[in-house]
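# Breakdown of the fold
The primary structure of each chain is shown beneath.
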Amino acid sequence: MALVTISGFPSSGKTKRAEQIRSTLVDYLKDKSYQGPISKVVVLSDDVLNLKRSSYDGDYAQNIQIAETLKRTNVFSDSRSEKPARGALFTAMQRQMALDTILIVDALNYIKGFRYQMYCAAREMKLRVCTVYVVALKEQCKEWNTTRQDGHAYASETLENLIFRYEEPSSMVRWDSPLFTVLWDEDAPPMPEIWDALTKGNVKPPNSGTLSVRGFHPLNLLSHSQQIQVVKAPTDALQALEQTATAIVSAIIADQTGLGGQQNLTLSTPAGTFKTSISLPTRNVTLSELQRLKRQFVTVHKKAITLGTTEKGAVDWGEESIASKFVTYLVEHMKS
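Reading guide: rules and limits
- Residues numbered from 1 in each chain as written.
- Predicted model: local features only at pLDDT ≥ 70, side-chain atom pairs only at ≥ 80, totals over all residues.
- Heavy atoms only, no water.
- Helix = DSSP H or I, 4+ residues; strand = E, 2+ residues; numbered from the N terminus.
- Buried < 20%, exposed > 50% of the residue type's maximum accessible area, 1.4 Å probe, protein only.
- Contact = heavy atoms within 4.5 Å.
- Areas by Shrake-Rupley, 256 points an atom, 1.4 Å probe, with all protein chains shown as cover.
- pLDDT = per-residue confidence, 0-100.
- 1 Å grid on protein atoms, 1.4 Å probe; cavity = no way out; pocket = protein on both sides within 12 Å on 5 of 7 lines; lining within 4 Å.
- Points joined across faces, edges and corners; volume = space filled by probe spheres on them.
- Nonpolar A, V, L, I, M, F, W, Y, C, P; charged D, E, K, R; others polar.
- Phe/Tyr/Trp six-rings, centres within 6.5 Å; stacked < 30°, edge-to-face > 60°.
- Salt bridge = Lys/Arg side-chain N within 4 Å of Asp/Glu carboxyl O.
- Pairing = 2+ DSSP bridges.
- Axes fitted to C-alpha atoms, helices over the stretch in contact; angles between N-to-C directions.
- Parallel < 35°, antiparallel > 145°, perpendicular 65-115°, else oblique.
- Left-handed = near helix turned anticlockwise from the far one by under 90°.

## Considering the overall build of the protein
- When its secondary structure is counted, the protein shows 10 helices and seven strands.
- Residues classed as buried in the protein amount to 48% of the 336 residues present.
- Pairs at least 24 apart in sequence give 77% of the contacts found in the protein among residues at least 6 apart.
- For the protein, the accessible area works out to roughly 16900 Å², and carbon and sulfur atoms hold 52% of it.

Here's what the structure looks like:
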């Protein structure tokens, strides 16, 4: 009943660390002193799902020769191919989550918004979580990538792009915590600490904004009298979610000074006008950054609206409540 998220640069040695963790955890489970519910350790990776490294190639080919090479090797040449690959990984992860399993997700996991989605899914299943950050220098990753013999090397342009876009895990945010950092020259991950996090760490309650109902949800194991009533959102909740988030983005762009600090926002929506405030970093926040965070926020909360939640009592999908949630999300995700 735990999720281990492996993260790091491409070709940084993540699979090696994942295997070290898996092997040691299996030994721990075999120890007669362990009497807990966990009975198996499962590793999920791009290789297990037969997802090619070329899924990350995108449209980074900068000249005809590279483009022709990509075409001859029958790989993706559209950056949109990366999104279905992540979707396949996330879907498989949800299917593998179980109360008797430690699931190790060995993948790039380089986007913090994606790690947040993984964290929410784990909370929904009431699993313990931890993140293992595999650290290697950029030059080392390039060297290791060029010497790979397993046929899983990244194109050089893809490697550069993924390293450039990598969003480093932080122990200061809840979805990356507890965080264990493993340097390239260390013999093994800190297994006693990881084991304690996976078997003794706090199990955080499901988030009311992201907890959805699926066929394998743990609540389905309860008797009928114990079932928590599924709360459906209002029919206009999706529209309110999109419009409120858009209004906040527009207000920030229109009113920001670039000096940071607390900023009061006046939001105009079809339902009326109301005020909120947000603490901004000491720089100009770009429209593209806000749009990206808005898409992540809407995606995470759309599932709870369309499928309903299992939170006790009604969840407030009013515009002021949505605005408060989105402001909190922006503050947590905007880089200083």
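We are not done yet, so read on.
## Looking at the confidence of the model for the protein
- Considering every residue of the protein, the mean pLDDT works out to 79; 76% of them sit at 70 or more.
- Across residues 208-230, where pLDDT falls below 50, the model places 52 contacts with residues more than four positions away in sequence or in other chains.
- Predicted confidence for residues 309-314 stays below pLDDT 50, and this span has 19 contacts to residues more than four positions away or in other chains.

## Remarks on the layout of surface pockets
- Space inside the second largest pocket adds up to approximately 340 Å³.
- Considering the residues around the second largest pocket, the lining is formed by 20 residues, among which Ser11, Ser12, Gly13, Lys14 and Thr15 are closest to the centre.

## Some remarks on unusual backbone geometry
- In this model, serine 177 is joined to proline 178 through a cis peptide bond whose omega is -10 degrees.
- In this fold, proline 178 is placed in the loop between helix 6 (156-165) and strand 5 (179-183).
- Non-glycine residue serine 11 carries a positive phi angle of around 60 degrees.
- Of note, serine 11 is situated in the loop between strand 1 (2-8) and helix 1 (14-30).
- The class for serine 11 is buried, based on a relative accessible area of 8%.
- With phi around 45 degrees, asparagine 109 is a residue other than glycine that occupies positive phi space.
- Secondary-structure assignment places asparagine 109 in the loop between strand 3 (101-106) and helix 4 (112-124).
- Relative accessible area serves as the criterion here: at 4%, asparagine 109 is assigned to the buried category.

## Things to note about empty space enclosed by the protein
- Evaluation of the coordinates by the stated rule reveals three cavities of 30 Å³ or more.
- Quantified by volume, the second largest cavity comes out at close to 50 Å³.
- Taken together, Leu3, Thr5, Arg115, Met118, Tyr119, Val129, Cys130, Thr131, Trp175 and Asp176 make up the lining of the second largest cavity.
- Of all the elements in the fold, those that place two or more residues in the lining of the second largest cavity are strand 1, helix 4 and strand 4 (128-135).
- Among the residues forming the lining of the second largest cavity, the class breakdown is six nonpolar, two polar and two charged.

## Structural notes on the packing of aromatic side chains
- Evaluated as defined, the whole model comprises 10 aromatic pairs.
- One aromatic cluster is present, built from ring pairs that chain together Tyr116, Tyr119, Trp175, Phe297, Phe326 and Tyr329.

## Side note on the pattern of salt bridges
- If you walk through the whole model with that rule in mind, you get 10 salt bridges.
- Here the salt bridges share partners, and the residues they tie into one network are Lys138, Lys142 and Glu160.

## Here we look at the pairing of strand 5
- Only one face of strand 5 is covered, namely the face carrying Phe180 and Val182; the face carrying Leu179, Thr181 and Leu183 is uncovered.
- Judged from the five bridges that link them, strand 4 and strand 5 form a sheet pairing that is parallel. Bridging from a neighbouring strand, threonine 131 pairs with leucine 179 of strand 5.

## Some details on the environment of leucine 99
- Mapped onto the secondary structure, leucine 99 falls in the loop between helix 3 (82-96) and strand 3.
- Relative accessible area serves as the criterion here: at 36%, leucine 99 is assigned to the partly exposed category.

## Concerning the packing of helix 5 (residues 138-146) against helix 6
- Running from amino to carboxyl end, helix 5 crosses helix 6 at an angle of 150 degrees, the nearest separation of the two axes being 11 Å. Relative to helix 6, helix 5 is oriented roughly antiparallel. At the point where helix 5 passes helix 6, the crossing takes the right-handed sense. In this structure, helix 5 contributes Lys138, Cys141, Lys142 and Asn145 to the contact, and helix 6 contributes Leu159, Glu160 and Ile163.

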